[in-house]
Amino acid sequence: MSKVFKILFFLGLFGAISAAGITYAIYYSVKDRIPTVEELKDIELRIPLRIYTADNKLIGEFGEQRRTPISYDDIPPNLEFAILAAEDTNFYHHPGVDILGLGRAAMQLVTSGKIQSGGSTITMQVARNYFLSFEQTFTRKFTEIFISLKMEQELSKHEILELYINKIYLGKRAYGFEAAAQVYYGKSLGELDLAQLAMIAGLPKAPSLYNPIVNPSRALIRRNWILQRMLSLGMIDKEAYQTAVESPITAKNYGVAPDIEAGYVAEMVRSELYKTFGNDLYNTGMTVYTTIDSGRQEAANEAVFQGVLNYDTRHGYRGALDARTDLLSVSPEEQQAELSKFEGFQDWQNALVLTTEELSADVRLENGEQVLLAWDAMKWAKAYINEDSQGPSPKTVADIIVPGDIIRLRPDDTFGWVLTQKPEVQSALISLNSSNGAIQALVGGFNYYENKFNRITQSKRQPGSNFKPFVYASALNRGYTAASIINDAPVVFNDSNLATAWRPTNDGGRFYGPTRLRQALYRSQNVVSVRLLDELGVRPTLEFLRRFGFDPDELPHNLSLSLGSANLSPLQIATGYAVFSNGGYQVQPYLIARVEDRNGESLFDASPVTVCRSCTLLEQAPDEERQTGLFSTPEGILDLPVAPQVLEGEIDYIIYDMMRDVIKYGTGRRARVLKRDDIAGKTGTTNDGRDAWFSGFNGEIVTSVWSGFDNSSPLGRGEWGGSVSLPVWIDYMRYALEGQAPAYVNKPSSLVTVRIDPKTGQRALPGQSDAIFEIFRKAHVPAQRTVSAPALDLNNLDEALEEEKETSVLENLF
């Protein structure tokens, strides 16, 4: 018996030594794959880039993995219970591995040659997700065990669970439970109820198999099993269980919805930062704060959207998407299925016309609803012939649609649904803070997801008359005044830089004769602009235009420059107009205000050149690009980059005042609806109406709007900057200026106002009845004129002296 005992003892000892040896051999073979303590404690999650407005509204997210890390303290208790019930009931009691589970896995390995399931604790899942691949091999499993044991020694249970909560893949590109809550329910974890928490707790086992969107029946079974486990383990009571198990599936594919629609802005930020950070941009958890004002961005989105729709409506209905009379005899479900095959767009609905009456139609929506389409919701739809002409106004529904037509409808507050079509025309808007160039709103086109081409930065189009104020500013800088006379009469130019002799004309073919510059600007008289540039000289004017940020090499070197024949982006135009708005200072547009790393530490802070009229330079910093250094201000000594003054304040104010008349009397008269005296601007329309512009501003904000077709097709008869782009500008500025006190461009005290003869631009005679007031720089005030009389009427001497005195007083007042 003792001999048998000895044999068993030595066999056991041999087995133990062999097991230890095998274990050591396995450990030795995988030890290089086991992370160090420092690596365990310095785990970094792959977090996407997130971009926000200045007021902390999400604009966009870039990264392969949707993830929002949370701390253990932020984990809802019911989520923790659900995870433990589903994945690892003994989590708080085992050392990182489950012996029974491992035994089961070992048996599978012996019988099948591979591990088919299990034995994985939460700790082991964390080890696998952070440090290993997902291959089902013997070596990987042992490596996983060793890493798990080491993790349990170095990290607390709460730290391990936090890593699990933030790392695990849960389908739909969602990594971590907070991201899953956003993707499936459009809420944060703290807002989910017990049924929803149990649903996402069931995803780690098989994110595709138990996906509540793709496989709702299987997901429901899995959810209810987890709830039953929670009940049996005493984690929830019977009432909570009953309420949760009876709850319907509410998951949808929410994705990661931005708070503000600004796709063009988000892409601009991504593209700019990628130049510096490369692919690290998408997974290191950077946060970007832009200069965008969320309210103004939403207003810009709506203004462009409505402006494009209004233009499209004016030019007629291009017809149904398709004619499918075969769908009239099938079931509503089949109709719905066929409608879903047509391209969707925003919150619009594809619809099948079922029946029509004289002034109404029954239609089936893509969502399955059957609705009545009222006459007022479609009576706009004259037949489109071309951009210049439309068919007659429809009299009945049959003039527009017939049963079997597949049409598009968009939601409407008044009619419920209205007939619509996807526009082909485009429009873009940019709005800047003129004191520092901060971009506060930017819309690069009608719909970013349809067409990602950014017309604010990537499209260069002719600005037409929108460019004229820059030429007029050059004239004022050369000694011209707002009262200077240019003859608006037929002229032929034989410019060597032009292919043929050129005979510029005004819109409508009319010539106005001798015209003051102020009049010529607000009436947008082409001939005056061309004659003026001819007098100034093209080369000196090109050099002057550098002050507004334009590169002379990118501008035409001929007289067509005066009519805006240069190819420029809306961003360039808005930047130039910012000089007019801020009193004559050159600022640079910028969009990125701050970049932070995952820990909130600053990686970049913008330091834009800023208008500072009260700054006096004390010490110049070694910066060749910008005027930086120490400045004395009424508030104290400041160290900041100051915008250089490129246009005299007197000239700047006179141009501003001339452009106010564009809105008071000229092509921008529609903007008077805003009832603001501080706004100024200029329309612009190119040959054949291919481009329509309006750029306008007050003393704080400058906004430029362009509209047109990407293929440069004409906008059509009767369409101008004032009819297409100005309404967009008005709708946006109505919001941007709401509640804002008037912000006039700074008026230098050195300017004087005198009475002039409106026909000649010269000083008015005493008592002249049609005299008007004009603003001048002191050195350019017209000389006083006198009337030579044949004899002095002593009887009227007192009256004449009193009139002259009155005139002098009025001039001093203005």
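This text goes with the structure placed above it.
Computed from a predicted structure; not experimentally measured. (Residues numbered from 1 in each chain as written. Predicted model: local features only at pLDDT ≥ 70, side-chain atom pairs only at ≥ 80, totals over all residues. Heavy atoms only, no water.)

(A) Quick look at the nonpolar core. Counting 85 residues, the largest nonpolar core has Phe548 and Phe580 as its most contacted members. The greatest single-element share of this core, amounting to 7 residues, is contributed by helix α20 (residues 649–664). Residues Ala86, Tyr164, Ile226 and Tyr241 belong to the second largest nonpolar core, which totals 50 residues. (Core = buried A, V, L, I, M, F, W, Y, C linked by side-chain atoms within 4.5 Å. Buried < 20%, exposed > 50% of the residue type's maximum accessible area, 1.4 Å probe, protein only. Helix = DSSP H or I, 4+ residues; strand = E, 2+ residues; numbered from the N terminus.)

(B) Representation of the sheet that holds strand β21 (residues 680–685) within the structure. Ordered in space as β13-β12-β23-β22-β21, the 5 strands form an open sheet in which the pairing is antiparallel. Each edge of the open sheet is held by one strand with a lone partner, namely β13 (439–443) and β21. In this sheet, adjacent strand axes meet at a mean angle of 5 degrees when their direction is disregarded. Summarising the sheet, strand β12 (residues 426–433) and β13 pair through 4 bridges and their orientation is antiparallel. Counted as the bridge partner of Ile430 is Leu442 from β13. This element, helix α13 (residues 294–314), spans β12, β13 and β23 (701–708) of the sheet and lies at about 30 degrees to β13. Across the sheet, helix α21 (residues 721–736) touches β12, β13, β21, β22 (691–697) and β23, and the angle it forms with β23 is around 145 degrees. (Pairing = 2+ DSSP bridges. Axes fitted to C-alpha atoms, helices over the stretch in contact; angles between N-to-C directions. Contact = heavy atoms within 4.5 Å.)

(C) Molecular detail of the packing of aromatic side chains. Applying the stated criterion across every chain, the model contains 29 aromatic pairs. On the numbers, 5.9 Å between centres and 10 degrees between planes, the contact of Phe345 with Phe446 is stacked. With a gap of 101 residues between them, Phe345 in the loop between α14 (332–339) and β5 (349–356) and Phe446 in the loop between β13 and α15 (468–477) connect regions that are remote in the sequence. For Phe446, a relative accessible area of 9% puts it in the buried group. One aromatic cluster in this structure is built from Phe467, Phe470, Phe544, Phe548, Phe550, Tyr577, Phe580, Tyr653, Tyr656 and Phe697. The ring centre of Phe91 lies 4.6 Å from the NZ or CZ of Lys157, which sits over that ring. Sitting above the plane of the Tyr210 ring, Arg222 keeps its charged end 5.4 Å from the centroid. (Phe/Tyr/Trp six-rings, centres within 6.5 Å; stacked < 30°, edge-to-face > 60°. Lys NZ or Arg CZ within 6 Å of the ring centre and 35° of its normal.)

(D) Focus on the environment of Gln440. Inspection of the secondary structure assignment puts Gln440 in strand β13. In this structure the C-alpha to C-alpha distance between Gln440 and Leu591, which are 151 residues apart in sequence, comes to 8.2 Å. Separated by 2.4 Å, the side chains of Gln440 and Arg296 make a polar contact. (Polar contact = N/O pair within 3.5 Å; in protein donor to acceptor, adjacent residues only side chain to side chain.)

(E) Representation of the sheet that holds strand β3 (residues 287–290). Read from one edge of the open sheet, 5 strands run β2-β1-β3-β16-β17, paired in mixed fashion. Because the sheet does not close on itself, it has two edges, and the strands there are β2 (58–62) and β17 (602–605). Taking the axes of each pair of neighbouring strands and ignoring which way they run, one obtains an average angle of 15 degrees across the sheet. With 4 bridges connecting them, β3 and strand β16 (residues 592–596) associate as antiparallel partners. Residue Thr287 lies in a different strand from β16, and its bridge partner there is Glu596.

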